[in-house]
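An overview of the molecular structure
Listed below are the residues making up each chain.
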Amino acid sequence: MLKPVPVDHPLFSTAAYQKDKVSFSLMEVIRQQPLYLASDGRWAVVGMSSPHYPAWVWTDDAIPQSAVPAVIDCCSGLFDGQNRAQFVAKPAIAAALSARFGGQKGAVASTVQMQSFHCPQPVPPKNRDLPITQPVPGDESQLADYLRNFDIDCFGELRHTGDLKQDAARCIQSGRFYIIRRPSGLIAAVAERKRDTDQFVAIGGVYTMPAYRGGGFAAALVYHIAQNILADGKIPCLYTDLANPSSNRAYQNVGFAPCGRVDELTLTW
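This section reports on the structure supplied with the text.

Turning next to the sheet that holds strand β10 (residues 200–208). Strand order in the open sheet made by the 12 strands is β1-β2-β3-β4-β5-β12-β6-β11-β10-β9-β8-β7, with mixed pairing throughout. Each edge of the open sheet is held by one strand with a lone partner, namely β1 (3–4) and β7 (132–133). When strand β8 (residues 177–181) meets strand β9 (residues 187–196), the two strands line up antiparallel, connected through five bridges. Across the sheet, Tyr178 pairs through a bridge with Ala191, a residue of β9.

Take a look at the structure:
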């Protein structure tokens with residue numbers, strides 16, 4: 001049985017958990033301000049920061065089969081009263097969650113297979129001299145297009161539910177977004193310096209507008225942000241969709257090394 005645990009529970013210091021800190025970097029963010037954090041004290045942790053975001057389910061690679069049902073039971077109650085649930089977990093646990101929700105609720109499952117990477121030492125890309133800046137007021141329309149295109153290309157649906165131009169204005173104000181702008185003034189590519197933990201900083205939202213793909217813009221942006229993160233004394237990390245092998249190669253070409261796979265599971269019923 002999983003029970004609520006404090007954010008400094010000894011399990012988070014074990015070698016098994018520390019090995020997975022890159023793959024489960026979002027669990028580290030959840031620990032900063034958890035809505036829910038539970039563990040069996042040995043094999044698993046389930047954490048969630050908001051019912052609007054996925055629950056993260058960490059399990060030790062050596063978890064016995066006898067311990068898995070308690071983890072699935074814990075997860076089953078997190079989204080009561082809703083018709084949609086999202087989890088991020090190692091593939092075997094994601095499959096067990098899919099089977100439970102499918103059997104009990106008739107849920108339809110959609111899975112994104114994600115590879116995690118970290119980069120202790122970036123490798124300069126061929127086009128490292130591309131001018132990289134940050135968006136400024138007046139870029140709201142272009143950034144709104146980026147937010148829309150990113151959602152649809154990556155998730156197959158528009159996940160932003162508010163006003164995209166207002167979201168774009170907040171992106172500019174955050175100071176966490178970087179762009180490559182062409183001489184015409186058009187933004188060709190965007191990336192974000194995302195969540196910080198004590199050890200890692202994630203890079204996300206990497207997107208090149210269709211007309212500019214194949215020019216190495218994404219690699220140049222990621223390298224630039226990675227250099228900034230290392231200068232702050234932390235290690236850059238990111239996730240990629242295994243269905244997009246070209247992006248996986250691009251990140252490895254600038255020094256990112258794979259650290260483990262997790263699956264983002266979306267269940268609807």
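This part covers the state of the cysteines. Throughout the structure, instances matching the rule amount to zero disulfides. Cys237 takes part in no disulfide bond, and the closest cysteine sulfur, belonging to Cys259, lies 8.3 Å away. A relative accessible area of 1% means that Cys237 is categorised as buried.

Across six bridges, strand β5 (residues 84–89) lies against strand β12 (residues 257–268) in antiparallel orientation. Opposite Ala85, over in β12, you have Leu267 as the bridge partner.

This part is about the pairing of β5. Along β5, five of the six residues are buried, which leaves the element largely enclosed by surrounding structure. Bridge analysis of strand β4 (residues 55–59) against β5 gives three bridges, and the strand direction is parallel. Within the sheet, the bridge partner assigned to Trp56 lies in β5 and is Val88. Regarding topology, helix α3 (residues 68–76) serves as the crossover connection from β4 to the parallel β5, and that connection is right-handed.

In this section: the environment of Ala188. Tracing the sequence through the fold places Ala188 in strand β9. Here Ala188 falls in the buried class, since its relative accessible area comes to 0%. The spacing of Ala188 and Met209 is 21 residues in sequence and 5.5 Å in space, taken between C-alpha atoms.

The rules we used
Residues numbered from 1 in each chain as written. Predicted model: local features only at pLDDT ≥ 70, side-chain atom pairs only at ≥ 80, totals over all residues. Heavy atoms only, no water. Pairing = 2+ DSSP bridges. Helix = DSSP H or I, 4+ residues; strand = E, 2+ residues; numbered from the N terminus. Disulfide = S-S within 2.5 Å. Buried < 20%, exposed > 50% of the residue type's maximum accessible area, 1.4 Å probe, protein only. Right-handed = clockwise from strand over helix to strand, strands pointing away.

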